[in-house]
Amino acid sequence: MNPFEYQTPTTLEQATALLARPGAYPLAGGTDLLVKMRYRRLTPTCLVDLKHIPALTRIVVDENGLLLGAAVTCADLVAHPDVRQTYPGLIDAIAIIGGTAIQNRATVGGNLCNAAPSADSAPALIVHNAQAVIAGPHGERTLAVSDFCVAPGQTALAPGELLVAIRVPPPPPRSSAAYLRFTPRHEMDIAVAGAAAWLTLTEKGTIADARIALGAVAPTPLPVTEAAQALIGRQPEETAFATAAHLAQEAARPIDDVRGSAAQRRHLIGVLVRRTLRIALERAQSAM
Amino acid sequence: MARVQIPSLLRPLVNGQEMVTAEGRTLGEVIAALEVAYPGIAARLCEGGELSPQLTAWIDGRPARRGLREPLGAESQVQFLPAMGGG
Amino acid sequence: MSEQYTVIGTRPPRVDAPAKVTGQAVFATDVVLPGMLHGKILRSPHAHARIRRLDTRRAEALPGVRAVVTAQDLPAARDITRRLGEGAINFKFMCDNTLASDKVLYVGHAVAAVAADEPHIAEQALDLIEVEYEPLPAVVDILQAIAAEAPLLHPTLHTRSLAGVSERPSNLAAHYQAIKGNPAQGFAQADVIVEREFRTQTVHQGYLEPHASVAFWGPDGIITIYTCTQGAFAVRDAVAELLQYPQAKIVVIPTEVGGAFGGKNTSYFDVVAALLSRQAGRPVRIVMSRAEVLQATGPSSGTVIRVKVGATCDGRLTAAQAELYYEAGAYPGSPVGSGMHVMFAPYDIPNGQLDGYDVLVNKPRISSYRAPGATPACFAAEAVMDELAEKLGLDPLEFRLRNCAREGTRNIDGSTHGHIGARQVIEAAQKHPHYTTPLEGANRGRGVAIGYWGNWGSISSCTIGVNADGTVNLLLGSVDVSGTRTSLAMQAAEVLGLPLDKVHPTVGNTAQVGYTEVSAGSRTTFATGQAVIRAAQAVIEQMRARAADLWNVPVEEVDFERGVFYTGHDDRQTMSFADLAAQLNQTGGPITGVGNLDAQNWGAGFGLHIADVEVDPETGQVNILRYTAIQDVGRAIHPTEVEGQIQGGAVQGIGWALWEGYRYDANGQMLNPTLLDYKMPTALDLPPIEAVLVQETYPHHPFGLRGVGETPIVPPPGALANAIYRATGARMSELPMTPEYILRQMKVL
Amino acid sequence: MEKHKVRATINGRQTEFLCYPHQSLLECLRDILGLTGAKEGCNDGNCGACSVLLDGRLVNSCLVLGVEVDGHSVTTIEGLADWRGLHPLQEAFIREDALQCGYCTPGMLMAAKALLDRTPNPNEQEIRTWLAGNLCRCTGYDKIVRAVHAAAAQMQEENNL
């Protein structure tokens, strides 16, 4: 690994000032960043450790939903009883980012900022209508998580900007979500394909609202609006799910790489969308 | 006389025979005797004065360990198998 | 020797365990010498290229850099092929593989090395070495490599076989052939014939410990090397050959070995570390990264295997034929001979033909991996046997039993089986509750496969020294890669009539103990065990003489049993081992026993594995529900360690079957050189592995044991392929059987 | 580049050391502090051989910078046994023969300790899931899983006395 400078700001202002310097990179859990540096795909001259900034390590669950500091570890989020209770679809995704040791270091913010097409957190956050809270030299702004990743490894963050937190709205009644991915091994693996689904039911049990997002089948995590729209107003049953799964497959733009072929990925999207919809439905119904 | 089983790829050199006999108290002597009867055969079996490292000679059903110096009994059976290694 | 053993067959804690559970065990990467520098190796980014220019001056000028070496620093090697370690190698090729001279032949091929004060300085220095490459077309596919227009790795290398040397140079380094009976006639007699082609990928041993060496070339001319190896003498001999240096002046100290499985028979950079040390005048440590381990050490061959087998309606095999193409990597020497040997070894087949091909490709030179060459051959054979049994309407075990090899059966390759337990493992499987309990449920299937490995004997040395307190030191030439300090100390304790804790085993270095072959081929407990028995017997003989002296009786009158020396005719003439040991220094001085031998008559091993799987019909994911591995082990010296060998070997075979495989692009770049993408199984991917020991005393070892370590890696792909077929209706003909591959075979994709 | 001074509690002892920012916790433990029990197997978080506890939580020390542990506490394999003797997990690994080459063992033990600290009586699935980040190439995991079970049972028994 190439030598670099190490900074530990305690305020957002200090952090954004440091990050505005060329060659400066934010360090949260380090589980992606340090690997990239070791393989010299990244050669920062300065690492800005975010873990000393209180705003970045908070979890707040209240009537406004979930406010998740960008440097909160996956393990801390997964262990949070209120989050587990209210956002099981998010837990699905966050709990499988790496094994135990990775969970204890990796952060949800980092998973998003790494901007891998296969990032497990992204499809789940997208179907939750999550917003990214961004601080920069010119103040704070928010951006839908669905717009956060712009290309493999690239985010919408401008130089000097920093992901501070992720805001997840409170779920309306009779709603829930689920996330599933497919990996060849049972754990310690990267998604060949992933799918998140969100369902809100009417009092009568038909589908009032739906959202679907996919992972690892496009340059960025992919919301598939048409597939979700096709569910609205319908009975939540297999034919509807199959239609949505089919539309999701059509919307996917997978590639061949070492982890899977385009054909396999497209096929898996059909399977995963149907399966996540079933789980989301079961959860939403049990919330009725 | 040792009985030498001729590997299929060598048989053109010995008029297609599968089994030939040759005199010798060691593997080296048997190969030398074969060379007299079937010129060219020694060059296929040996390299640099040793049994080819790609081959293992099996004498009476067991791999030989002394190469060309391996002693043979009066009725020994000789075979040549590809060399093998363990992990 | 007594029939009832007191130590053999027990399950004591392994002697190396306390150091290993406390983090105190010293591996090569843990060795620190005063003033030690850090070495790093510059490796080729190209799969095939000519080195036009190599300039190290800028690296040498970097502050903190103490030494830089290239192929120029190695003496010219002899162009001869000799057996070294586990196989035959041409020294010129070995030299060229250590540091490339005019051409690089695979991505990761070593080109130069530096030693510096700090690892990051060494890394920076590598960047400053200027290499101008002329890229050449590369070939990584085994069949493309032997096509007429393929780029040649070695333009002067011709195909060698017993038919002579080929006219034109070729990537086909060797062709082997064996014919038994009349294959054409055998196939004509068959009622059913199955013919299939199989492909398997390059796989790695996957030991957790990357290769590491610390070398110091002292001012006295002594080269001391601490390294992780399966054989200190193999390393010493390789270094001596490459440097053309006296063997006695090279001391190789084998450290703990963090997994080897055949991959640490070969010396990769011990010489490089030594050369750097000579230049710097200080010790140099080189540790490989994981990417280097995967890309620059010897994996096991990818293969293409064509199989044809015929049988009659009553389930008798009539003929078998196979063509085996094995990757050698960049230099000749694949284990295709072993593949031919094991391919149909479990069966008695009257007619057959085997053709084996050793094929050069732009990949690292193949090294041994646990039963080298056997797993792909067994996979191909067992998938075809399963299909034949099915076509004949026979239970797969019954079919195997009907055609089972026995003592005296002649294999197709010409070898003849000695005392074997093929029948015993099949019968044990038939009776095992795993096989007698029906497997129920959708998408589930059960498969079986029988696998064989020939094992090995060879050269071993050890010394036993007796201490005044009645303890003994057992100095072993065999490196311990699998718990052999324990299994060898147990054999010494049994012979000496001592409890195990009185025997202290140590692995010796090359200056301390006699020449000993690599710990490979499942030979150590068998062969070195016999050296240990000899050494122990030599100790007893000398101690009997001392007792005879003390009692003033002829030595023939002194008996020894269960740790006690005695004469039959006087009750006072009895003395424990410890009591006599205490007298040694007063009765003529120390006693040591030496055991040196070249062990012959080793016993082969058969394993029969039963696998139950469930396959997700939508994703192709395989869940192993239950797994049983049955093996004839002769007598188990330490049954728990034997179980561990079987479980570990089976799981490596399972990894090979389902996940593992090198992936390359067309230019010869490895696409998965990390443990994220070279997928070895985790604890979560596996069920408990039940190891069943079929213990029938093997007649050619004093304690009746066979080698056990390699056989268990052989059957798993066959067993799993057959189970997946039963679960899905799709036949498997490729490894790894990834979810995607399974879906394709199921025609879901 | 300048070295940083790091103050941390290592295996219960207040410790100070100097390191470069680019040195991982694993390098600091092994090369600076002489604690070579944690091993490098992959250096990218995929094998678990470098597992240690950071403030009681399991981490891959190859993916933590030495400078990041300033003010924190680190437990390595060298800190697992105490003056009373081996930890029950260490004893169980010896008794159940849950190791062969021993290279993964320190990491495996630290992972198992983190599990039992949190889940004193895990079932087989929990053990296998928790240990999935720690590769072992020798044992097939069978005896490791048994050893963790056995240690858990022994610790439960001792707690009930």
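Peer 1: Honestly, the overall build of chain D in this entry has me stumped. Any pointers?
Peer 2: Looking only at helices and strands, chain D features five helices and five strands. In sequence order, the secondary structure elements of chain D are arranged as β-β-α-β-β-β-α-α-α-α. The C-alpha extent of chain D, read off along each of the three principal axes, is 50 × 35 × 20 Å. Within chain D, contacts between residues separated by at least 24 positions form 56% of all contacts whose residues are at least 6 apart in sequence. A total accessible area of about 5,800 Å² is found for chain D, and carbon and sulfur atoms account for 44% of it. Distance from the positive charge centre (15 side chains) to the negative charge centre (20 side chains) of chain D: 1 Å.

Peer 1: What's the story with the overall build of chain B in this structure? I'm lost.
Peer 2: Counting secondary structure elements, chain B contains two helices and seven strands. Seen in sequence order, chain B has helices and strands lined up from the N terminus as β-β-α-α-β-β-β-β-β. A compact globule built from 87 residues would reach a C-alpha radius of gyration of about 12 Å, and chain B, at 12 Å, matches this within 12%. Once the C-alpha set of chain B is aligned to its principal axes, its extents read approximately 40 × 25 × 25 Å. Within chain B, the fraction of its 87 residues that count as buried is 51%. Summarising the internal contacts of chain B: among those between residues at least 6 apart in sequence, 49% fall at separations of at least 24. Entry remark: accessible area of chain B is about 3,800 Å², with carbon and sulfur atoms responsible for 52%. Each charge class in chain B was averaged separately, 8 positive and 9 negative side chains, and the resulting centres sit 5 Å apart.

Peer 1: Which parts of the structure should I look at to understand the sheet that holds strand β1 (residues 4-10) of chain D?
Peer 2: Within a sheet, adjacent strands bond to each other through the backbone by hydrogen bonds, running parallel or antiparallel. Residue and element names in this part refer to chain D. The sheet built from five strands is open, its strands ordered β2-β1-β5-β3-β4 with mixed pairing. Every interior strand has two partners, whereas the edge strands, β2 (13-19) and β4 (57-60), have only one. Strand-to-strand twist in this sheet, taken as the mean axis angle between neighbours without regard to direction, amounts to 40 degrees. Sheet strands in contact with helix α1 (residues 25-32) are β1, β2, β3 (51-54) and β5 (73-75), and its direction is about 100 degrees off that of β2. The sheet strands contacting helix α3 (residues 105-118) are β3, β4 and β5, and the helix crosses β3 at an angle near 40 degrees.

Peer 1: Mind showing me how you'd approach the interface of chain A and chain C here?
Peer 2: Interface size is commonly expressed as the accessible area that is lost once the parts come together. Listed per partner, the contact involves 26 residues of chain A and 29 residues of chain C. Here chain A packs against chain C, burying approximately 2,400 Å² in sum over the two surfaces, 50% of which is carbon and sulfur. Looking only at chain A, the three residues that lose the most surface to chain C are R185(A), H186(A) and V258(A), adding up to 29% of its buried area. Where chain A meets chain C, there are seven salt bridges. Here D616(C) and R275(A) are joined by a salt bridge, their closest N and O atoms 2.9 Å apart. Top element by residues in the side of chain A that touches chain C is helix α11 (residues 262-286) of chain A. It accounts for seven residues.

Peer 1: I would appreciate a short explanation of the arrangement of the chains in the present structure.
Peer 2: No other pair of the four pairs of chains in contact has as many contacts as chains C and D. Separated in space, chain A and chain B share no contact, their closest pair of C-alpha atoms being 27 Å apart. Between chain B and chain D there is no contact, and the shortest C-alpha to C-alpha separation is 14 Å.

Peer 1: When you look at the nonpolar core in this model, what are you seeing that I'm missing?
Peer 2: Nonpolar side chains in soluble globular proteins tend to end up buried together. In terms of nonpolar packing, the biggest core is built from 198 residues, with L324(C), M343(C), F344(C), L658(C), M737(C) and F93(D) touching the most fellow members. When residues in this core are grouped by element, the largest group, eleven residues, is from helix α11 (residues 374-391) of chain C. In this structure, M737(C) is in contact with A657(C), L658(C), P717(C), L720(C), A721(C), I724(C), M732(C) and I742(C), ignoring residues within four places of it in sequence. Core analysis: the next-biggest nonpolar cluster, separate from the first, contains 90 residues, L42(A), L90(A), I97(A) and L25(D) among them.

Peer 1: Is there a simple way to think about the interface of chain C and chain D in this case?
Peer 2: Opposite the 53 residues of chain C that make contact, chain D presents 44 residues. On the chain C side of the contact with chain D, V21(C), L208(C) and A683(C) bury the most area, a combined 18% of that side's loss. On inspection of chain C and its partner chain D, the count reaches six salt bridges. Notably, a salt bridge pairs R137(D) with E660(C), separated by 2.7 Å at the nearest N-O pair. Inspection of the region where chain C meets chain D yields 23 residue pairs in polar contact (both at pLDDT 80 or more). Put simply, the parts of the chain that give the side of chain C that touches chain D at least two residues each are α1 (17-21) and α18 (639-658) of chain C. Of all the elements, α18(C) adds the most residues to the side of chain C that touches chain D, at nine residues. Broken down by class, the residue content of the side of chain C that touches chain D amounts to 24 nonpolar, 18 polar and eleven charged.

Peer 1: When you look at the pattern of salt bridges in this model, what are you seeing that I'm missing?
Peer 2: Note on pairing: side chains with opposite charge can pair once their charged atoms come close. Counting across every chain of the model gives 74 salt bridges over all chains. In this structure, R278(A) engages E238(A) in a salt bridge whose closest nitrogen and oxygen atoms are separated by 2.7 Å. Here R278(A) is found in helix α11, whereas its partner E238(A) is found in helix α10 (residues 238-251), with 40 residues between them in sequence. If you follow the salt bridges from partner to partner, you end up with R14(C), D16(C), K20(C), E256(C), D480(C), R485(C), E641(C) and D97(D) in one network.

Peer 1: In this structure, what is going on with the environment of L18(A)? I would like to understand it.
Peer 2: Residues and elements named next belong to chain A. Within the secondary structure layout, L18 lies in helix α1 (residues 12-19). Residue L18 is classed as buried on the basis of its relative accessible area, which comes to 12%. Each C-alpha atom, one on L18 and one on Q7, is 8.2 Å from the other, the two residues being eleven residues apart in sequence. Look past the residues within four positions of L18 in its chain and what remains in contact with it is Q7, P9, A24 and V48.

Peer 1: Would you mind going over the domain arrangement of chain D with me for this structure?
Peer 2: Residues and elements named next belong to chain D. Segmentation of chain D into domains returns domain 1 (4-79) and domain 2 (88-160). Spacing between the C-alpha centres of domain 1 and domain 2 amounts to 21 Å. Taken together, the contact pairs 15 residues of domain 1 with 13 residues of domain 2. Regarding the contact of domain 1 and domain 2, the summed buried area is about 1,100 Å², with carbon and sulfur atoms giving 67% of it. Looking only at domain 1, the three residues that lose the most surface to domain 2 are L53, L58 and I77, adding up to 40% of its buried area. Taken together, the links from domain 1 to domain 2 amount to zero salt bridges. Our enumeration of links across domain 1 and domain 2 arrives at five residue pairs in polar contact (both at pLDDT 80 or more). Top element by residues in the side of domain 1 that touches domain 2 is β3. It accounts for three residues.

Peer 1: Is there a simple way to think about the packing of helix α2 (residues 88-95) of chain D against helix α5 (residues 142-160) of chain D in this case?
Peer 2: Packed helix pairs are characterised by how far apart their axes lie and by the angle those axes make with each other. All names here are of chain D. Look at α2 against α5: their axes get within 8 Å of each other, and the N-to-C directions meet at 135 degrees. Between α2 and α5, the angle is such that the two are oblique. For the crossing formed where α2 meets α5, the hand is right-handed. Touching P88, L89, E91, A92, F93 and R95 of α2 are I144, A147, V148, A150, A151, Q154, M155 and E158, all from α5. Within the contact of α2 with α5, the residues separate by chemical class into ten nonpolar, one polar and three charged.

Peer 1: Any chance you could explain the pairing of strand β12 (residues 193-201) of chain A here in plain terms?
Peer 2: Strand residues, when the strand is regular, have side chains that alternate between the two faces of the sheet. All names here are of chain A. Of all nine residues making up β12, nine are buried, and the element is well covered by its neighbours. The alternating pattern of β12 places A193, A195, A197, L199 and L201 and G194, A196, W198 and T200 on opposite faces, both of which are buried. Sheet topology note: the strand β11 (residues 175-182)/β12 ladder contains eight bridges and is antiparallel. Residue pairing in the sheet places S176 in a bridge with L199 of β12. Two elements, β12 and strand β13 (residues 207-215), share eight bridges in a ladder whose sense is antiparallel. Opposite L199, over in β13, you have A210 as the bridge partner. Linking β12 to β13, which pair antiparallel, is a turn of five residues; within it G205 sits at a positive phi near 100 degrees.

Peer 1: Help me understand the side chain of S176(A) in this model?
Peer 2: Following the sequence through the fold, S176(A) ends up in strand β11. Sequence-distant contacts of S176(A), that is, excluding residues within four places in its chain, are made with P88(A), A197(A), W198(A), L199(A), A280(A), R283(A) and A284(A).

Peer 1: What is the right way to read the sheet that holds strand β29 (residues 622-632) of chain C from this model?
Peer 2: Residue and element names in this part refer to chain C. Taken in spatial order, the four strands line up as β20-β28-β29-β30 in an open sheet, and their pairing is mixed. Each edge of the open sheet carries a strand with a single partner, namely β20 (444-453) and β30 (689-694). In this sheet, adjacent strand axes meet at a mean angle of 15 degrees when their direction is disregarded. Two elements, β29 and β30, share six bridges in a ladder whose sense is parallel. Considered in β30, the bridge of Q631 is made with L693. Sheet contacts for helix α19 (residues 716-728): β20, β28 (605-615) and β29; angle to β20, the most-contacted strand, approximately 160 degrees.

Conventions used here
Sequence order as written defines residue numbering, which begins from 1 separately in each chain. To read the labels, note that chains go from A and ligands from 1, taken in the order they are written. Local features are withheld for residues below a pLDDT of 70 in this predicted model, meaning they are given only at 70 or higher, and side-chain atom pairs are given and counted only at 80 or more; totals for whole chains, interfaces and linings count all residues. As a convention, hydrogens and water are excluded, and side-chain values are obtained from all of the structure's heavy atoms. For helices the rule is a DSSP run of H or I covering at least 4 residues; for strands it is a run of E covering at least 2, with both sets numbered from the N terminus onward. What makes two residues a contact is simply this: any of their non-hydrogen atoms within 4.5 Å. Computed with the Shrake-Rupley method and a 1.4 Å probe, the accessible areas treat only the protein chains shown as cover for residues. Positive charges come from Lys and Arg alone, negative charges from Asp and Glu alone, with His and the N- and C-terminal ends not counted. Where a charge sits is defined by one atom per residue type, namely NZ (Lys), CZ (Arg), CG (Asp) or CD (Glu). C-alpha atoms define the radius of gyration, and 2.2 Å times the number of residues to the power 0.38 defines the globule rule. Exposed residues in this analysis have more than 50% of their type's maximum accessible area, buried residues have under 20%, and partly exposed residues fall in between, with area computed by a 1.4 Å probe over protein chains only. DSSP calls a pair of strands paired once it identifies at least 2 bridges connecting them. With axes taken as lines fitted to C-alpha atoms, and helix axes fitted only over the stretch in contact, angles between N-to-C directions fall between 0 and 180 degrees. In short, buried area is how much 1.4 Å probe accessible area vanishes from two parts on joining, totalled over both. Think of a salt bridge as a Lys or Arg side-chain nitrogen and an Asp or Glu carboxyl oxygen that are within 4 Å of each other. The criterion is simple. A nonpolar core is a set of buried Ala, Val, Leu, Ile, Met, Phe, Trp, Tyr and Cys residues joined through side-chain atoms within 4.5 Å. Whenever two N or O atoms come within 3.5 Å, that pair is a polar contact, provided that in protein one can donate a hydrogen and the other can accept it, and provided that, for residues adjacent in sequence, both atoms are side-chain atoms. Polarity classes work like this: nonpolar for Ala, Val, Leu, Ile, Met, Phe, Trp, Tyr, Cys and Pro, charged for Asp, Glu, Lys and Arg, and polar for all others, with Gly in that last group. Marked domain ranges trace back to an automatic or database domain assignment. Note that the term roughly parallel is reserved for angles under 35 degrees, roughly antiparallel for angles over 145, roughly perpendicular for angles of 65 to 115, and oblique for everything else. Definitions for this section: a left-handed crossing has its near helix turned counterclockwise from the far helix by less than a right angle. A right-handed crossing has that turn clockwise.

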